[in-house]
Amino acid sequence: MSATIDPITRSVVQHRLSSIVAEMGEAMLRTSYSQILNSSRDFSLAICDTKGRLIAQADHIPVHVGALPWAARAIEERFSNFKPGDVLLLNDPYHGGSHLPDLTAFVPVFDGERRMYWAIVRAHQSDIGGATHGGYNPTASEIYQEGLRVPPIFLYEAGKLRDDILDMLALNVRNSRDFRGDLAAMVGAARLGERRLLRLFDEFGGATVERAVDAILDAAEQQTRAVVSTWKDGVFHGEAFLDDDGSGGRENIRISAKVTKRGGEVEVDLSDSDPQSTRFVNSSHANMQAAVAMAFAYLIDPDIPKNDGCLRALKVIAKQGTIVWADPGRPVTLCTSHPSNEIVEAIVKALSASCPERAMAGWSRRFRIAIQGEDPRTGRNFIWHMFQARPGGGASSQGDGWSSIGEWHTVGGIKFGSLEVAEVRFPLHFRHHEFLADSGGDGKHRGGLGVALDLVMETQTVALANTAGEGTRHRATGMLGGSDGEPHRYRLISEGREPRVLRTKEVGIEIHPGDWFEIRSSGGGGWGDPAERSQAARARDAEQGLVSDNTTKAGA
């Protein structure tokens with residue numbers, strides 16, 4: 001079927017699809033209400049077909065996009081009668097979702113009477129209800145304590161809004177104004193994708209677009225298998241660890257990857273990972289699949305389209321009831337960050353013995369803070385998510401890691417946004433925000449640096465914070481002789497009280513007016529033997545203040 005499409009038409013359709021999802025992303029950025037979306041960009045866009053195949057995606061959050069095919073399949077399994085003008089939603093981790101804060105909107109796209117594609121928007125909500133503000137509850141022992149569960153449902157039917165559904169959703173979140181605005185932005189972005197696809201059908205015809213898509217996927221498969229076939233065959237093992245599950249009784253939770261590489265195929269088996277937890281560090285099935293797809297995508301050539309075709313060379317094996325694939329009803333909210341990062345790290349570690357020049361060193365873990373309080377300037381309640389102090393990325397054979405870039409699951413897709421804008425929108429003062437010297441792991445190529453942030457609360461009443469993350473015990477791993485990055489170190493400083501070390505999984509932290517956070521975020525792992533780092537690179541590090549003691553670092 002794909003052989004009937006000439007390469008020029010295929011290329012034009014491929015670039016048009018890429019431009020459509022990119023434009024959808026710009027629409028989300030410009031119309032969403034919440035800081036987590038219009039500043040930090042915690043959203044993703046994609047086009048899937050009716051088989052749940054990933055056709056095109058924008059460069060946003062890899063862990064989002066890798067799970068979207070499973071969400072599309074859940075919609076297809078639940079309903080069969082779709083019409084133009086429909087909009088569907090879901091977020092439930094046991095119906096194709098990843099975790100509850102990630103709400104996903106679907107718009108069906110028809111060529112005449114034939115339904116061909118889904119225009120999809122996934123966006124992390126500022127709040128999704130549940131026991132704690134901001135969507136993360138480290139004390140949850142079941143998913144019902146984490147927030148509002150949305151199975152596949154219709155929000156619009158043939159263009160008509162279901163006000164009862166919207167009212168029910170908005171009533172169950174803490175900031176209904178922002179929720180309604182963000183949901184409207186999601187629907188608008190998905191409908192923009194629909195309009196652009198309809199224009200593409202008008203220009204080329206739906207049948208031609210379909211044949212071009214098949215050719216695009218086949219080409220991605222061929223390119224991927226050609227790359228993988230150059231790697232060393234064998235069975236390889238890697239592992240990574242979560243610090244703890246927040247319960248106080250379980251630490252060093254192991255994610256195990258057995259990776260078999262034969263010819264142009266890779267099989268990843270996560271079955272030997274530790275049993276599931278009673279807390280929110282479990283992964284949903286879709287999220288686990290996304291994490292494996294991420295690791296694989298990071299190892300193949302960057303110019304290969306990341307779609308269903310490139311993933312045909314990948315097989316995933318996992319066991320339900322483990323930390324990477326929890327039983328229905330288990331809490332999972334941390335999963336898009338952890339154990340996603342650890343799944344990626346275990347796989348990359350394993351394949352470092354097969355394709356060492358492609359294996360990046362470990363990227364840092366996520367350690368977030370969410371604060372709920374009253375803004376004295378307006379008297380309104382606010383929820384603020386800390387995306388500042390992004391940690392460092394891992395180094396690679398191509399050079400040093402990027403500083404303050406983020407974690408494996410985002411690889412730069414989430415931004416921390418303008419500090420000045422954050423100060424205008426929230427009662428905060430950023431006393432300073434700068435690279436943290438010595439935080440990146442040493443190596444032939446140095447890990448990216450974390451950040452030193454001092455953040456002052458300018459509230460007049462007590463605010464509450466919760467934390468969710470990892471990385472105070474287990475560090476971003478060095479690769480092929482490189483050193484690990486430094487861990488996170490967070491403290492809350494209050495006048496007249498001893499500094500309080502923040503744990504990665506806490507709720508109900510009281511923040512008094514004038515309190516400030518001393519944030520020292522982690523650095524990425526180093527790549528290669530530190531003895532091979534050039535003297536010119538070490539001199540440049542010292543000159544720029546990226547290391548505090550050049551002599552010490554040279555021998556680290």
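Residues numbered from 1 in each chain as written. Predicted model: local features only at pLDDT ≥ 70, side-chain atom pairs only at ≥ 80, totals over all residues. Heavy atoms only, no water.

Draft legend 1. Quick look at the overall build of the chain. Counting its secondary structure elements, the chain contains 12 helices and 20 strands. If one aligns the C-alpha atoms of the chain with their principal axes, the spans along those axes are about 70 × 60 × 40 Å. Looking at the chain as a whole, 61% of its 556 residues are labelled buried. Pairs at least 24 residues apart make up 74% of the contacts formed inside the chain by residues separated by at least 6 positions. As displayed, the chain has an accessible area near 20,400 Å², and 48% of this comes from carbon and sulfur atoms. (Helix = DSSP H or I, 4+ residues; strand = E, 2+ residues; numbered from the N terminus. Buried < 20%, exposed > 50% of the residue type's maximum accessible area, 1.4 Å probe, protein only. Contact = heavy atoms within 4.5 Å. Areas by Shrake-Rupley, 256 points an atom, 1.4 Å probe, with all protein chains shown as cover.)

Draft legend 2. Highlighting the packing of helix 1 (residues 7–31) against helix 7 (residues 206–228). The geometry of helix 1 relative to helix 7 is characterised by a closest axis approach of 9 Å and an angle of 90° between their N-to-C directions. Here helix 7 runs roughly perpendicular to helix 1, going by the angle between their axes. Facing Thr9, Arg10, Val13, Gln14 and Leu17 of helix 1, the residues of helix 7 in contact are Thr208, Val209, Ala212, Val213, Ala215, Ile216 and Ala219. Split by residue class, the contact of helix 1 with helix 7 holds 8 nonpolar, 3 polar and 1 charged. (Axes fitted to C-alpha atoms, helices over the stretch in contact; angles between N-to-C directions. Parallel < 35°, antiparallel > 145°, perpendicular 65-115°, else oblique. Nonpolar A, V, L, I, M, F, W, Y, C, P; charged D, E, K, R; others polar.)

Draft legend 3. Structural view of the sheet that holds strand 8 (residues 234–244). Strand order across the open sheet formed by 4 strands is 8-9-10-11, with mixed pairing between neighbours. Of all the strands in the sheet, the pair left with one neighbour each is strand 8 and strand 11 (314–317). With direction set aside, neighbouring strand axes in the sheet form an average angle of 20°. The pairing of strand 10 (residues 265–269) with strand 11 spans 4 bridges and is classified as parallel. Looking at the pairing, Val266 lines up with Leu314 of strand 11. Taken strand by strand, helix 9 (residues 340–351) contacts strand 8, strand 9 (251–262) and strand 10, and its axis lies near 150° from that of strand 8. (Pairing = 2+ DSSP bridges.)

Draft legend 4. A look at the side chain of Thr132. Take Thr132: it is sitting in the loop between strand 5 (114–124) and strand 6 (153–157). Among the residues examined, Thr132 registers a relative accessible area of 12% and is labelled buried. At 2.4 Å, the side chain of Thr132 forms a polar contact with the backbone oxygen of Tyr136. Once you skip the residues sitting within four places of it in the chain, Thr132 turns out to touch Asp127, Asn137, Arg174, Asn466 and Val507. (Polar contact = N/O pair within 3.5 Å; in protein donor to acceptor, adjacent residues only side chain to side chain.)

Draft legend 5. Fine view of the pairing of strand 4 (residues 102–111). The buried count for strand 4 comes to 9 of 10 residues, which makes it a mostly enclosed element. Two strands pair when backbone bridges link them, and strand 3 (residues 87–90) and strand 4 are joined in this way by 3 bridges, in the antiparallel orientation. Across the sheet, Leu89 pairs through a bridge with Ala105, a residue of strand 4. Taken together, the 10 bridges between strand 4 and strand 5 define a ladder with antiparallel strand orientation. Bridging from a neighbouring strand, Phe110 pairs with Arg115 of strand 5. The hairpin formed by strand 4 and strand 5 contains 2 residues between the paired strands, and Gly112 there has a positive phi angle of roughly 70°.

Draft legend 6. Region of the structure containing the environment of Gly159. Topologically, Gly159 is positioned in the loop between strand 6 and strand 7 (160–161). Judged by its relative accessible area of 41%, Gly159 falls in the partly exposed class. Residue contacts for Gly159: discarding those within four places in its chain leaves Pro84, Gly85, Asp86 and Arg191.

Draft legend 7. Layout of the sheet that holds strand 15 (residues 451–457). Taken together, the 5 strands give an open sheet; going across it, the order is 14-15-20-17-18, and neighbouring strands pair in antiparallel fashion. Since the sheet does not close on itself, it has two edges, and those belong to strand 14 (428–435) and strand 18 (500–501), each with one partner. In this structure, strand 15 lies alongside strand 20 (residues 516–520), joined through 5 bridges in antiparallel fashion. Bridge pairing in strand 20 links Asp454 to Glu518.

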